[in-house]
Amino acid sequence: MRLRSQYDGEILRLAVPALGALAAEPLYVLVDTAIVGHLGRPQLAALGVAATVLTGVFGIFNFLQYGTTAQVGRAAGAGEGRIANRLGAQALWLSLGFGIAVAAVVAALAPEIADLMGVEAQTADYAVTYMRIAALGLPFAFLTLGGQGYLRGVADLRTPLVIVIAANVVNLVLELLFVYGFGWGIEGSAWGTVIAQAGMGAAFIVVIVRAARGDTRLNRKLMRRLLVIGRYLFVRTAALLAAFTLAGAVIARFGDASLAAHQIAFQLWIFLAFVLDAIAIAGQVLVGRGLGAGDTERAWAASVRMIWLSVYAGVVFGAVMLALEDVLPYVFTSDELVIERTQAIWVLFALMQPLNGAVFALDGILIGASDGRFLMWSMVAAFAVCSLGSLAALAFDWGIVGVWASLVLLICVRLGLMLWRFSGRRWLVAGWA
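Calculation criteria
- Residues numbered from 1 in each chain as written.
- Predicted model: local features only at pLDDT ≥ 70, side-chain atom pairs only at ≥ 80, totals over all residues.
- Heavy atoms only, no water.
- Helix = DSSP H or I, 4+ residues; strand = E, 2+ residues; numbered from the N terminus.
- Buried < 20%, exposed > 50% of the residue type's maximum accessible area, 1.4 Å probe, protein only.
- Contact = heavy atoms within 4.5 Å.
- Areas by Shrake-Rupley, 256 points an atom, 1.4 Å probe, with all protein chains shown as cover.
- Patch = residues over 30% accessible without salt bridge, like charges linked within 9 Å, V, L, I, M, F, W, Y side chains within 5 Å.
- Salt bridge = Lys/Arg side-chain N within 4 Å of Asp/Glu carboxyl O.
- Phe/Tyr/Trp six-rings, centres within 6.5 Å; stacked < 30°, edge-to-face > 60°.
- Axes fitted to C-alpha atoms, helices over the stretch in contact; angles between N-to-C directions.
- Parallel < 35°, antiparallel > 145°, perpendicular 65-115°, else oblique.
- Nonpolar A, V, L, I, M, F, W, Y, C, P; charged D, E, K, R; others polar.
- Core = buried A, V, L, I, M, F, W, Y, C linked by side-chain atoms within 4.5 Å.

Caption draft 1: Fine view of the overall build of the chain. A count of helices and strands for the chain gives 17 helices and zero strands. In terms of its C-alpha atoms, the chain occupies a principal-axis envelope of roughly 55 × 45 × 35 Å. Going through the 433 residues of the chain one by one, you find that 58% of them count as buried. A sequence separation of at least 24 residues applies to 87% of the contacts in the chain between residues at least 6 apart. Carbon and sulfur atoms provide 66% of the accessible area of the chain, an area that totals close to 16700 Å².

Caption draft 2: Layout of a nonpolar patch on the surface. Together, L136, L177, F182, W184 and W191 give the surface a local cluster of nonpolar side chains, amounting to about 480 Å² of exposed area. In this structure, L136 sits in the loop between α6 (121–134) and α7 (138–153).

Caption draft 3: Broad picture of the packing of aromatic side chains. Under the counting rule described, the total for this entry stands at 20 aromatic pairs. Their ring planes at 75° and their centres at 6.0 Å tell us that F63 and F234 sit as a pair that is edge-to-face. One end of the pair, F63, is in helix α4 (residues 63–77); the other, F234, is in helix α10 (residues 220–252), and 171 residues separate them in sequence. F63 sits in the buried class, given a relative accessible area of 6%. A relative accessible area of 30% places F234 in the partly exposed class. When the centroid spacing of 5.2 Å and the interplanar angle of 65° are considered together, the rings of W346 and F349 count as edge-to-face. Here W346 and its partner F349 are both found in helix α15 (residues 346–368), three residues apart, which amounts to about one turn of the helix. For the residue pair W346 and F349, the accessibility class agrees, reading buried in each case.

Caption draft 4: Main features of the packing of helix α11 (residues 256–292) against helix α12 (residues 296–323). It is at 10 Å that the axes of α11 and α12 come closest, and there the two elements cross at 175°. Relative to α12, α11 is oriented roughly antiparallel. Here α11 contributes L272, V275, L276, I279, A282, G283, L286, V287 and L291 to the contact with α12, which in turn contributes T296, A299, S303, M306, L309, S310, A313, G314, F317 and M321. Across the contact of α11 with α12, the residue classes tally to 14 nonpolar, five polar and no charged.

Caption draft 5: Geometry of the environment of S387. Counting through the fold element by element, S387 comes out in helix α16 (residues 372–395). Sequence spacing of S387 and L410 is 23 residues, and the spatial spacing of their C-alpha atoms is 8.7 Å.

Caption draft 6: Highlighting the environment of V403. With respect to the helices and strands, the residue V403 is situated in helix α17 (residues 399–424). Measuring from C-alpha to C-alpha, the distance between V403 and Q6 comes to 42 Å, with 397 residues separating the pair along the chain. Filtering out sequence-adjacent residues up to four positions away, V403 remains in contact with A247, V250, I251, F254, S390 and A393.

Caption draft 7: Summary view of the nonpolar core. Membership of the largest hydrophobic core comes to 141 residues, with the highest contact counts inside it found for M131, W269, W404 and W427. Those residues in contact with M131 that lie beyond four places of it in its chain are A50, V53, V106, A110, I113 and A114.

And the structure:
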C-alpha cells in the first residue's frame, strides 16, 4: 500500500468526525459497565444480559441509519438535493415508529427475555428492572439512527459528533449522581441513559426539520425506497447480532463470572468496532456519492484505499489490547474470577481487530453501493457457521473460550465472502434511479 493517496484527505475529513461520534456511542454502555461493575457481580452480570439485548435490538434497526446514508448520498451525488432532504424526514418517521414499537415489546417481555438468556434469581430481577427503564429511551435512540444517517449522507459529520458528545457528558454526570449520589443502584444507571438519549433525539429532530424546511410530510415512494434496502440490512444485522446474542446465552450457562467477563470483552469489542467503523462510514458516503454521480472508477479506487487503512488501524488496536491485557479488565471489575475469565479470551479478542478492520471497511463500501441483498445472504451464512460453533462449545463444555473462538470464525467467513464480492466489481452500479 502506498504511503499517500489522493483520496486520503477526503477520507480523513469524513472519518475523523465519524470516529468521534462512533466512539462516543458505545461509551453509554461502557460507562454503565464501569459504574455498575463496582456495585457487585449480580448487577454486572444483569447489565451484561440487558446490554446484550438492548444493543442487539438497537443494532438490528441500524438499517435506519446505514440505508439512509446510502440513499441520501446517492441522491446528493446525483444533484438531487431536495430529494436528499426529504429522505431525511422520511428516515425520522420510520425511526420514531420502529422505536415506539420496539420499546413496547422490550418492556412487556423483559421477564421472558431474562429467562431466555439463562439468568436467575437476583441477577434476573436486576436485568428486568434495567431493561424496562431503558426501554423508555429507545424511541429517542432510534431517532438518532435516522438523524445520523441523513447527516452522513450529506457529508455533515460534525453535527452528529457535537450532539453525541454532549449526550455522553450528560449521561456520565447523571449516572454518577443517580447511582452513587442518590444510591439508586442499577436503576440510576438506566435512568441516566434514558434522559441523555431523550435530549439527543430531540436535537436530531430540530436539525433535520430545519434542513427539510418544513417539508416533513410522509412520502410513500421515498419511504419505500428506504425500506427496500432496509429489509436486507435488517436481516444482515439481525443475523450478526443473533450470533452475539446466542454467544451470550451460551456463556450465561457457564456462570455469572463468565457472563460478566463476556460483558467486558463484548463492550470493548463493540467500542473498537465503532471506532474501526469510522472508515466504513467514509466508505458509505464516498461510494454512495461517487456511484450517484456515475464515477465508478473513483468509487473503486477510494474503496481499495479505505480497506487498507482500516486493516492497519485494526493492527494498531490489536497491539494496544494485547499490551493492556493485565490492566484494562480492572477498570471494569475487581472480582478476580471475572478477571481470570476475561484474560482467558483476551488474545482471541485482540487478534480479531485486524480482521474486523477489513470486514467493516468492506461492509461500509457495499452498503454505500446499496448491495444489501449480498450482505444479507453472506451474513446468514456466517451466522450459520458461528452458531454451530457456539452450540458445540455448550455441548462439549468448551466454556467462554470456545464461544469466542466461534465468533472469530464468524468474522473469517464474512471476510472471505465479502472479498470475493468486492473483487468481482458487480457492486459498482452507477446512478440515482
